[in-house]
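Residue-level structure breakdown
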Amino acid sequence: MSAPEAPAAGGLDEFGQIAQLFRPLTKGAPEALGLLDDAAVIPSRPGFDLIVTKDAMVEGVHFLPGEAPDLIARKLLRVNLSDLAAKGAEPYGYFLATAWTPSFGWAERQAFAEGLRLDGEAYGLTLLGGDTVATPGPLTLSLTMLGWTPSGAMIRRGGARAGDLLCVSGVIGDGWLGLMAARGELADPDGYLARRYRLPSPRVELREALRKYASAAADVSDGLIADAGHIAEASGLAVDIDLDRLPLSAAARRWLEAQNDRVEALRALASGGDDYEVVCTAAPEAAAALGLTVIGTISNGTGTRVRVDGGEIASGPGGWKHVI
């Protein structure tokens, strides 16, 4: 990790903070070298491919200002786990980069590390290395996660075939509604929606079934319409999405029933993002074995077609657009 760039917190310099906050998260793994080196050594695993994914989060963009530090850490792990889940990969370890702000002091850093510990234990993850620096703001975090799949078994976006069905896990729209609830813009009496936004559930339990049955897959981070479109584009095919089949939670269904424009509301739920479900394609007989909700079809051609009540509607932006 890099040379010190911030005033000491908790009475410790950078290396002292690393030793206290992050070295325990290596669980003594020899490949992490005790976080005392500038690199890690990843051993080969015969018969497996090493899968690498990376996501960053910025305060005020990917999580609300003032969010609980432990929840920030857990979400950072989980959004990366969601990528691995869609690839059919078994989680292994991660590299972490933190750009601390002056207001994110020692107590906040300890709580952040505790969040990493909790979900690291839950998902079998080991911290392998990283970097820590200072920034005037906003708080910026980046995580690179590693996983394993049997050789050649990673599920790509580009594997869909004409005639495949489009399927999705879980429910859609809660992440977007949860952001509004967390902002206080939407009633959320039991806090269910805000929890769904703050702490998504990556579908790691699907990895073996996806490897067995899915022809293509992506995690639903940008928005269901957009992410299904990414699969179609990568596969050189067209996708039809039937929003009447959209799987919804009870909370999302209540919200939908209260809207004046059902078509626009369904489009919004399917475009909001932050659901971290898995959207995938599979042949009809394989889709039945997967047991996920079928929401559309893959066909020859190009583009994304969205339907409600049997009629085609404009897809709109389809999801979050990264403007850089």
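Reference entry: report on the structure contained in this document. (Residues numbered from 1 in each chain as written. Predicted model: local features only at pLDDT ≥ 70, side-chain atom pairs only at ≥ 80, totals over all residues. Heavy atoms only, no water.)

1. A few points about empty space enclosed by the protein
- With the rule as written, the count across this model stands at 1 cavity of 30 Å³ or more.
- Considered as a void within the structure, the largest cavity measures approximately 30 Å³ in volume.
- Secondary structure elements with two or more residues in the lining of the largest cavity: α2 (69-86) and α5 (192-198).
- Looking at which element gives the most residues to the lining of the largest cavity, the answer is α2, with 3 residues.
- Each residue belonging to the lining of the largest cavity can be placed in one class, and the counts come to 4 nonpolar, no polar and 3 charged. (1 Å grid on protein atoms, 1.4 Å probe; cavity = no way out; pocket = protein on both sides within 12 Å on 5 of 7 lines; lining within 4 Å. Points joined across faces, edges and corners; volume = space filled by probe spheres on them. Helix = DSSP H or I, 4+ residues; strand = E, 2+ residues; numbered from the N terminus. Nonpolar A, V, L, I, M, F, W, Y, C, P; charged D, E, K, R; others polar.)

2. Some thoughts on the state of the cysteines
- This structure, assessed with the given rule, holds 0 disulfides.
- In this structure Cys-280 is a free cysteine whose sulfur lies 4.9 Å from that of Cys-167, the closest cysteine sulfur available.
- A relative accessible area of 0% means that Cys-280 is categorised as buried. (Disulfide = S-S within 2.5 Å. Buried < 20%, exposed > 50% of the residue type's maximum accessible area, 1.4 Å probe, protein only.)

3. Let's talk about helix α9 (residues 262-269)
- Within α9, the full set of buried residues consists of Ala-265, Leu-266, Arg-267, Ala-268 and Leu-269.
- Buried positions along α9 lie against α4 (174-182), α7 (224-235), α8 (250-257), β10 (303-308) and β11 (311-313). (Contact = heavy atoms within 4.5 Å.)

4. Here we look at the sheet that holds strand β5 (residues 165-168)
- A sheet is described by the order of its strands in space; here 7 strands give the open sequence β6-β8-β5-β9-β7-β10-β11, paired in mixed fashion. Both edges of this open sheet fall to β6 (216-219) and β11, since each of them pairs with a single strand only. Between one strand and the next, the sheet's axes are offset by a mean angle of 30°, whatever the strand orientation.
- In terms of strand pairing, strand β7 (residues 238-242) meets strand β9 (residues 293-299) through 4 bridges, oriented antiparallel. When the sheet's bridge partners are listed, Ala-238 is paired in β9 with Ser-299. (Pairing = 2+ DSSP bridges. Axes fitted to C-alpha atoms, helices over the stretch in contact; angles between N-to-C directions.)

5. Some thoughts on the packing of aromatic side chains
- All chains considered together, the criterion is met by 5 aromatic pairs.
- An angle of 45° between the planes, with centres 5.5 Å apart, marks the rings of Tyr-92 and Trp-148 as tilted. With Tyr-92 in strand β2 (residues 90-100) and Trp-148 in strand β4 (residues 140-150), this residue pair connects regions lying 56 residues apart in the sequence. Trp-148 shares its class with Tyr-92; the two are buried.
- Note on Phe-104 and Phe-112: the rings are 6.4 Å apart at their centroids and 80° apart in plane angle, and the pair reads as edge-to-face.
- Relative accessible area serves as the criterion here: at 7%, Phe-104 is assigned to the buried category.
- Pairwise contacts between aromatic rings join Trp-100, Phe-104 and Phe-112 into one cluster.
- Sitting over the ring of Tyr-197, Lys-75 keeps its end group 3.8 Å from the ring centre. (Phe/Tyr/Trp six-rings, centres within 6.5 Å; stacked < 30°, edge-to-face > 60°. Lys NZ or Arg CZ within 6 Å of the ring centre and 35° of its normal.)

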